[in-house]
Amino acid sequence: AQCRTALRAHLHFGAMKAVFAALFAATVVVDAAAVSLRKETPDETKLDMEYREKDSFGNTALAPACSKVECGEYSCPAPFELKTDGTCCGYCWAPDHVVAADRHRVVEYNATGFVVEQCDDAPSTCKGPGANVVRCFKPSCREGETASCGGGRCCPLCQAR
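Throughout what follows, the structure given in this document is the object of discussion. All of these numbers come straight from a predicted model, not from anything done at the bench.

What counts as what
Residue positions are given per chain, counted from 1 along the sequence in the order it is written. Thresholds applied to this predicted model are a pLDDT of at least 70 for local features of residues and 80 or more for the giving and counting of side-chain atom pairs; totals over whole chains, interfaces and linings are not thresholded and use all residues. Values reported for side chains reflect all heavy atoms of the structure, with hydrogen atoms and water molecules removed beforehand. For the purposes of this entry, the term helix denotes a DSSP run of H or I that reaches at least four residues, the term strand denotes a run of E that reaches at least two, and both are numbered from the N terminus. Three exposure classes are used, based on accessible area relative to the maximum for each residue type with a 1.4 Å probe and protein chains only: buried under 20%, partly exposed in between, and exposed over 50%. Here, two residues are considered to be in contact whenever any of their heavy atoms come within 4.5 Å of each other. Per-residue and other accessible areas were derived by the Shrake-Rupley procedure at a 1.4 Å probe size, with only the shown protein chains allowed to occlude residues. By the criterion applied in these results, polar contacts are pairs of N or O atoms within 3.5 Å in which, for protein atoms, one can donate a hydrogen and the other can accept it, and in which residues neighboring in sequence qualify only through two side-chain atoms. Any Lys or Arg side-chain nitrogen found within 4 Å of a carboxyl oxygen on Asp or Glu counts as a salt bridge. Pairs were defined over the aromatic rings of Phe, Tyr and Trp, the Trp ring being its six-membered one, requiring ring centres within 6.5 Å. Orientation was assigned from the angle between planes: stacked under 30 degrees, edge-to-face over 60, tilted for the rest. As a reminder, the over-ring test applies to NZ of lysine and CZ of arginine, requiring each to be within 6 Å of the ring centre and within 35 degrees of the ring normal.

### Overview of the overall build of the protein
Okay, so step 1: Assigned secondary structure in the protein consists of 2 helices and 6 strands.
Okay, so step 2: Traced from its N-terminal end to its C-terminal end, the protein shows the element sequence α-α-β-β-β-β-β-β.
Okay, so step 3: A burial count over the protein gives 8% of its 161 residues as buried.
Okay, so step 4: Sequence separation of at least 24 residues holds for 17% of the intrachain contacts in the protein that already meet a minimum separation of 6.
Okay, so step 5: For the protein, the computed accessible surface area is about 14000 Å², with 59% contributed by carbon and sulfur atoms.

Take a look at the structure:
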């Protein structure tokens, strides 16, 4: 009798396992079907159509890079001329022999005479290293003010007397 009871319990447990496995599988199938049946919103469909790489015939559906660029009206003053080589809207251009390029050169140290020494109590960070030295210029103080140091500054600052 005890063997029969154990056998029934074992069979009952096995049947319950099979039922739970079937329910789990059915749930997975229903969830997968629900995901595949989800419809895109009209906005999603429009975005897909706008940014797709190829149409249904395999032709490119991508618009040229400048197709949506709207260029304003502009003109190039003489001696410049309009160039459109590979750009959306073009640009004004003139050769270097017609309009010289700016060949700005750095002036010699203190060529203007407005460079002043750093404050005596300036922090070490003002002193460098190398080309990173802080350069101080003579402040242009208003009437009643004088250039003075202090407060851990690198350079003199205008302060009321």
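Having put the structure on the table, let's press on.
### Thoughts on unusual backbone geometry
Okay, so step 1: Cis peptide bonds are those with omega within 30 degrees of zero, and the linkage from Ala78 to Pro79 qualifies with 10°.
Okay, so step 2: Structurally, Pro79 is set in the loop between helix H2 (42–51) and strand E1 (81–83).

### Looking at the side chain of Ser148
Okay, so step 1: Relative to the elements of secondary structure, Ser148 occurs in strand E5 (residues 145–148).
Okay, so step 2: You can call Ser148 buried: its relative accessible area is 19%.
Okay, so step 3: Within the local environment of Ser148, its side chain forms a polar contact with the side chain of Gln159, the two groups lying 2.7 Å apart.
Okay, so step 4: Here Ser148 is in contact with Arg153, Pro156, Leu157 and Gln159, once residues within four sequence places are set aside.

### A word on the pattern of salt bridges
Okay, so step 1: Tallied over the full model, the rule gives 1 salt bridge.
Okay, so step 2: Put simply, Glu145 and Arg142 hold a salt bridge, and the shortest N to O gap is 3.1 Å.
Okay, so step 3: The exposure class assigned to Glu145 is buried, which follows from its relative accessible area of 19%.
Okay, so step 4: On the basis of relative accessibility, which here comes to 62%, the residue Arg142 falls in the exposed class.

### Thoughts on the environment of Glu81
Okay, so step 1: Tracing the backbone shows Glu81 in strand E1.
Okay, so step 2: The class for Glu81 is partly exposed, based on a relative accessible area of 42%.
Okay, so step 3: Note: C-alpha distance between Glu81 and Cys92 (11 residues apart in sequence) is 5.3 Å.
Okay, so step 4: The contact partners of Glu81, leaving out residues within four places of it in the chain, are Cys76, Tyr91, Cys92 and Trp93.

### Let's talk about the packing of aromatic side chains
Okay, so step 1: On inspection of all chains with the given rule, the structure shows 0 aromatic pairs.
Okay, so step 2: We note Lys83 situated over the ring of Trp93; from NZ or CZ to the ring centre the distance is 4.4 Å.

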